[in-house]
Amino acid sequence: MYFDILVIGAGPAGLAFSSLASDMGLTVGLFDRQTKTALSKPENDGRDIAVSEASRKILADLGAWTMIDEADISPIRAAKVVDGDAPFALDFNPSSAGADKLGNIISNHIIRRVLYTVAAKKDNITWFTGIEVEALRRDTNAAIITLADGQTFTSQLAIAADTRFSQIRRDAGIKADMHDFGQTMIVGRMHGTTPHNHIAHECFRYDGGLAILPLNNDIASVVQTFSAEEAARFMAMNDQDYAHATEPRLKGLMGKLTPTSKRASYPLVGVYAQQFYAKRLALVGDAAVGMHPVTAHGFNFGIQGIANLIRHLRKANARGLDLGNVGALKAYNTDHRRLTWPLYQMTEKMMGLYTTNTIPARLVRKAALVAAQTAIPVKDVLMAKLTDVPVKKMIASKVAGKLPIPPKLPGL
Ligand SMILES: Cc1cc2nc3c(=O)[nH]c(=O)nc-3n(C[C@H](O)[C@H](O)[C@H](O)COP(=O)(O)OP(=O)(O)OC[C@H]3O[C@@H](n4cnc5c(N)ncnc54)[C@H](O)[C@@H]3O)c2cc1C
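Residues numbered from 1 in each chain as written. Predicted model: local features only at pLDDT ≥ 70, side-chain atom pairs only at ≥ 80, totals over all residues. Heavy atoms only, no water.

Undergrad: Would you mind showing me how to read the site of the ligand here?
TA: If you check the shell around the ligand, you find 29 residues, and the closest are Asp 32, Arg 47, Ala 50, Asp 286 and Phe 299. Here an oxygen atom of the ligand sits 2.6 Å away from a polar atom, N or O, in the side chain of Arg 47. At 2.6 Å from an oxygen atom of the ligand is found a side-chain nitrogen or oxygen belonging to Asp 286. Protein contacts shield 93% of the accessible area of the ligand, which totals 1,000 Å² for the unbound molecule. Residue composition of the shell around the ligand, by class: 13 nonpolar, eight polar and eight charged. (Near = heavy atom within 4 Å. Polar contact = N/O pair within 3.5 Å; in protein donor to acceptor, adjacent residues only side chain to side chain. Areas by Shrake-Rupley, 256 points an atom, 1.4 Å probe, with all protein chains shown as cover. Nonpolar A, V, L, I, M, F, W, Y, C, P; charged D, E, K, R; others polar.)

Undergrad: How do you make sense of the packing of helix H1 (residues 12-23) against helix H4 (residues 108-120) when you look at a structure like this?
TA: When two helices pack together, you describe them by how their axes are tilted relative to each other and by the distance separating the axes. At a minimum axis distance of 9 Å, the contact between H1 and H4 shows a crossing angle of 25 degrees. By the angle between their axes, H1 is roughly parallel relative to H4. For the crossing formed where H1 meets H4, the hand is left-handed. Residues Pro 12, Leu 15, Ala 16 and Ser 19 of H1 pack against Asn 108, Arg 112, Leu 115, Tyr 116, Val 118 and Ala 119 of H4. Of the residues assigned to the contact of H1 with H4, the class counts are seven nonpolar, two polar and one charged. (Axes fitted to C-alpha atoms, helices over the stretch in contact; angles between N-to-C directions. Helix = DSSP H or I, 4+ residues; strand = E, 2+ residues; numbered from the N terminus. Parallel < 35°, antiparallel > 145°, perpendicular 65-115°, else oblique. Left-handed = near helix turned anticlockwise from the far one by under 90°. Contact = heavy atoms within 4.5 Å.)

Undergrad: Which parts of the structure should I look at to understand the sheet that holds strand S9 (residues 133-138)?
TA: Picture the strands of a sheet paired through backbone hydrogen bonds; they go either parallel or antiparallel. Reading across from one edge, S9-S10-S11 is the order of the three strands in this open sheet, with antiparallel pairing throughout. Of all the strands in the sheet, just S9 and strand S11 (152-155) have a single pairing partner and so form its edges. Across the sheet, the mean angle separating the axes of adjacent strands is 20 degrees when strand polarity is ignored. In this sheet, S11 lies alongside strand S10 (residues 143-147) in antiparallel orientation, the contact comprising four bridges. Opposite Ile 144, over in S11, you have Thr 154 as the bridge partner. (Pairing = 2+ DSSP bridges.)

Undergrad: Any chance you could explain the side chain of Asn 300 here in plain terms?
TA: The residue Asn 300 is located in helix H8 (residues 298-318) in this model. Setting aside anything within four residues of it in sequence, one finds Asn 300 in contact with Ala 50, Val 51, Ser 52 and Ser 55.

Undergrad: Would you explain H8 in this entry?
TA: Each turn of an α-helix holds 3.6 residues, which means side chains three or four residues apart point in the same direction. If you check H8, its first and last C-alpha atoms are 30 Å apart, about what 21 residues at 1.5 Å a residue would give, namely 30 Å. In terms of burial, H8 is a largely internal element, 15 of the 21 residues being buried. Immediately beyond the C-terminal end of H8, within one or two residues, lies Gly 320, with a positive phi of roughly 75 degrees. (Expected span 1.5 Å × (residues − 1). Buried < 20%, exposed > 50% of the residue type's maximum accessible area, 1.4 Å probe, protein only.)

Undergrad: Help me understand the nonpolar core, please; the structure alone is not making it clear to me.
TA: For soluble globular proteins, the rule of thumb is that nonpolar side chains tend to be buried together. Counting 80 residues, the largest nonpolar core has Ile 5, Phe 17, Ile 145, Ile 159, Leu 281 and Leu 309 as the members making the most contacts within it. In terms of residue count, the dominant contributor to this core is H8 (eight residues). Core analysis: the next-biggest nonpolar cluster, separate from the first, contains 22 residues, Leu 90, Val 187, Leu 213 and Leu 268 among them. (Core = buried A, V, L, I, M, F, W, Y, C linked by side-chain atoms within 4.5 Å.)

Undergrad: What should I look at first to understand the environment of Ala 64 in this one?
TA: By secondary structure assignment, the location of Ala 64 is in the loop between helix H3 (53-62) and strand S4 (74-76). For Ala 64, a relative accessible area of 1% corresponds to the buried category. Between the alpha carbons of Ala 64 and Tyr 116 there is a distance of 9.1 Å; along the sequence they are 52 residues apart. With sequence-adjacent residues up to four places away left out, Ala 64 is seen in contact with Leu 59, Val 114, Leu 115 and Val 118.

Quick look at the structure:
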């Protein structure tokens, strides 16, 4: 069977890509090992996603944003980053950039559900679910996939959206830098008796990281990072013991805690593909760049990359070129690297520093936080990515606020 494009993986990246490709008038074969029931009613996986303004706009253009209940959208009004017990905090205040929030938090399962609903309405998408894609073969003329039951499908271009451990990427011989942080993240929602005022907190403790992602009604997604051994101990606790063990770690920030959801755990591995394309293949989402969740950018980079890839494919299509056209794939590669590489590197370096507990590392961490607060670009690059305010404008308004405005000379 022939489709213009074959998409492997119906996570947020595969779903968003398929809908946008279908809007171009292309036929799409979309494959996932999960059943259609599981994809249409995704279970809560514990992830709460900080959605940046740029991603919100893409979700809105897709018609997905308006499908999310207001009550399920929690604004982040500001953020604070602290190092261990140090009194100094790095403040992220969106008003300094002329924005009223840093972004919105939405549950990953809700994002998956609305993106599924959007894709399910597209006539050009044909679904193959509950079955494993076993192999992808590419030659000069076509990309061909084989399913576990032996069926084959032909196309001009294949899209790998099959997680950070992408088998398709590996089979295509694309190398990826992988960094196992040797840590596990536990996420779960908790209600606190002390209001969080929608301020996110990230605290780098010497015995593991800790973050509060503020949700509506004084509930927060409490994110804790441990060694795998410690994580297993914390995961085994009952709700009450987990809340008691977490309260002192938060140093009273949320008051008395009551868990309001199940906990989930994720081993932390960062992945960066050395190239985001090969002959008749493009990598998107986590298959291209699997970020450490600490800078909240895996989903955001994924969806923004997809918008870029679609733009280049649209141009190639308008010129009557083949969708596997290498010029379009190379242009996507350049854009996606430019978008992701600085923050990926910054995150890797920062986490390297925070997973090393030597005295020099502690000193560098404190100095880095102070430097990040005072040096203009470091913090603003991250804020610009979240608020979608151009970094130049942000720096300009900061400089304008810091420097005295020269008096206007008569006649000018
Ligand atoms: C705790 C946590 C918090 C996070 N917080 C944030 C945040 O605040 N902001 C942010 O931007 N990002 C965040 N992320 C990252 C975000 O969740 C991911 O970047 C995003 O979900 C990746 O989407 P994806 O579609 O690329 O991959 P996935 O969601 O992994 O989907 C891949 C799909 O491919 C299918 N598949 C794989 N292989 C095959 C095969 N061979 N055959 C058929 N189907 C296959 C799978 O079944 C799956 O449905 C967080 C991640 C974690 C773990």
